[in-house]
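What follows is the residue order along each chain.
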Amino acid sequence: FMYGWILHPLVFGDYPETMKKAAGSRLPLFSDYESELVTNAFDFIGLNHYTSNYVSDNSNAVKAPLQDVTDDISSLFWASKNSTPTREFLPGTSLDPRGLELALEYLQEKYGNLLFYIQENGSGSNATLDDVGRIDCLTQYIAATLRSIRNGANVKGYCVWSFMDQYEMFGDYKA
């Protein structure tokens, strides 16, 4: 649902049928002209990946009269195998390099040979020079990306998240 929301219009010029069925009249329609404008109107896809969520079908749940995207997705989410399921998407806390590999595999199967850049990935630092945990995390994610490339994913770049990425968030960087 989440990938299709963005990628389906860019690749096929319209939202996926499942999304149109779920959201109904709340989902804007593409005119033929708009569809033509957005189809293939990109040079690459930038993907951020930090973790994965477990998801199960929740389509039998009673829906409130005023639906929103949470109802449209019709799923339950777990941030980890042992967490309590929720209808709201919660960012997971565990690292999941295999999840990145599976995401790239899914996107290639569903949308073809798109050009990807992993534009954000990594983990926080323990603020010491002995940062074995983060080194291990990056090793695993880079290895997963390499496996994806060897299996046909068109990944051309990999950017590591760093402390520099948040200067603008906290007002410490002025142009």
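Given the structure is predicted, the values throughout are model-derived calculations rather than measurements.

Here we come to helix α5 (residues 97-111). The terminal C-alpha atoms of α5, which comprises 15 residues, lie 21 Å apart, in line with the 21 Å expected from a rise of 1.5 Å per residue. Next to the buried residues of α5 lie α1 (2-12), β1 (45-48), β4 (115-120), α6 (132-150) and β5 (154-158).

So, about the nonpolar core. Among the nonpolar cores identified, the biggest contains 16 residues, and Leu 47, Leu 104, Leu 114 and Phe 116 are the most heavily contacted of them. Secondary-structure elements contributing two or more residues to this core are α1, β1, α5, β4 and α6. Counting residues per element, this core draws most heavily on α5, which supplies four residues. Beyond its immediate sequence surroundings of up to four residues, Leu 104 is in contact with Leu 47, Phe 116, Ile 118, Ser 148, Ala 153 and Val 155.

Let's shift gears to the sheet that holds β1. Sheet architecture is open: three strands sit in the order β1-β4-β5, paired in parallel fashion. A strand with exactly one partner marks an edge of an open sheet, and here the two such strands are β1 and β5. Geometrically, the sheet is characterised by an average inter-axis angle of 35° between neighbouring strands, direction not taken into account. By the bridge criterion, four bridges tie β1 to β4 in an arrangement that is parallel. Counted as the bridge partner of Leu 47 is Ile 118 from β4. Packing of α5 onto the sheet brings it into contact with β1, β4 and β5, and relative to β4 it is tilted by some 150°.

So, about the packing of α5 against α6. With their axes 8 Å apart at the nearest point, α5 and α6 run at an angle of 25° to one another. Between α5 and α6, the angle is such that the two are roughly parallel. In the crossing of α5 with α6, the sense of the turn from one axis to the other is right-handed. Side by side, α5 and α6 meet where Pro 97, Leu 100, Glu 101 and Leu 104 of the first sit next to Gln 140, Tyr 141, Ala 144, Thr 145, Arg 147 and Ser 148 of the second. Considered class by class, the residues forming the contact of α5 with α6 number five nonpolar, three polar and two charged.

Here we take up a nonpolar patch on the surface. A cluster of nonpolar side chains, Phe 1, Met 2, Trp 5, Ile 6 and Val 69, forms an exposed patch at the surface whose accessible area comes to about 450 Å². Looking at the secondary structure, you find Met 2 in helix α1.

Now for the confidence of the model for the protein. For the protein, mean pLDDT is 84; residues scoring 70 or higher make up 81% of the total. Looking across the protein, the model is least confident in helix α4 (residues 69-73), with a mean pLDDT of 74, and most confident in helix α3 (residues 32-38), with 97.

Inspection of the secondary structure puts Ser 35 in helix α3. When sequence neighbours within four positions are dropped, the list of residues in contact with Ser 35 reads Gly 13 and Phe 30.

A few words on the packing of α1 against α5. Between α1 and α5, the shortest axis-to-axis distance is 11 Å and the interhelical angle comes to 35°. Here α1 runs over α5; the crossing is right-handed. Residue-level inspection shows Tyr 3, Gly 4, Leu 7, His 8, Val 11 and Phe 12 of α1 in contact with α5, the latter providing Ala 103, Tyr 106, Leu 107, Lys 110 and Tyr 111. When its residues are assigned to classes, the contact of α1 with α5 shows eight nonpolar, two polar and one charged.

Ring pairs (aromatic) are described by centroid distance and by the angle formed between their planes. Enumeration over the complete set of coordinates arrives at five aromatic pairs. Arranged with centres 4.9 Å apart and planes meeting at 75°, the rings of Phe 44 and Tyr 117 form a pair that is edge-to-face. Of this pair, Phe 44 sits in the loop between α3 and β1 while Tyr 117 sits in strand β4, placing them 73 residues apart in sequence. Assessed through its relative accessible area of 40%, Phe 44 is described here as partly exposed. Accessibility expressed as a relative area gives 30% for Tyr 117, which makes it partly exposed.

Cut-offs applied
- Residues numbered from 1 in each chain as written.
- Predicted model: local features only at pLDDT ≥ 70, side-chain atom pairs only at ≥ 80, totals over all residues.
- Heavy atoms only, no water.
- Helix = DSSP H or I, 4+ residues; strand = E, 2+ residues; numbered from the N terminus.
- Expected span 1.5 Å × (residues − 1).
- Contact = heavy atoms within 4.5 Å.
- Core = buried A, V, L, I, M, F, W, Y, C linked by side-chain atoms within 4.5 Å.
- Buried < 20%, exposed > 50% of the residue type's maximum accessible area, 1.4 Å probe, protein only.
- Pairing = 2+ DSSP bridges.
- Axes fitted to C-alpha atoms, helices over the stretch in contact; angles between N-to-C directions.
- Parallel < 35°, antiparallel > 145°, perpendicular 65-115°, else oblique.
- Left-handed = near helix turned anticlockwise from the far one by under 90°.
- Nonpolar A, V, L, I, M, F, W, Y, C, P; charged D, E, K, R; others polar.
- Patch = residues over 30% accessible without salt bridge, like charges linked within 9 Å, V, L, I, M, F, W, Y side chains within 5 Å.
- Areas by Shrake-Rupley, 256 points an atom, 1.4 Å probe, with all protein chains shown as cover.
- Salt bridge = Lys/Arg side-chain N within 4 Å of Asp/Glu carboxyl O.
- pLDDT = per-residue confidence, 0-100.
- Phe/Tyr/Trp six-rings, centres within 6.5 Å; stacked < 30°, edge-to-face > 60°.

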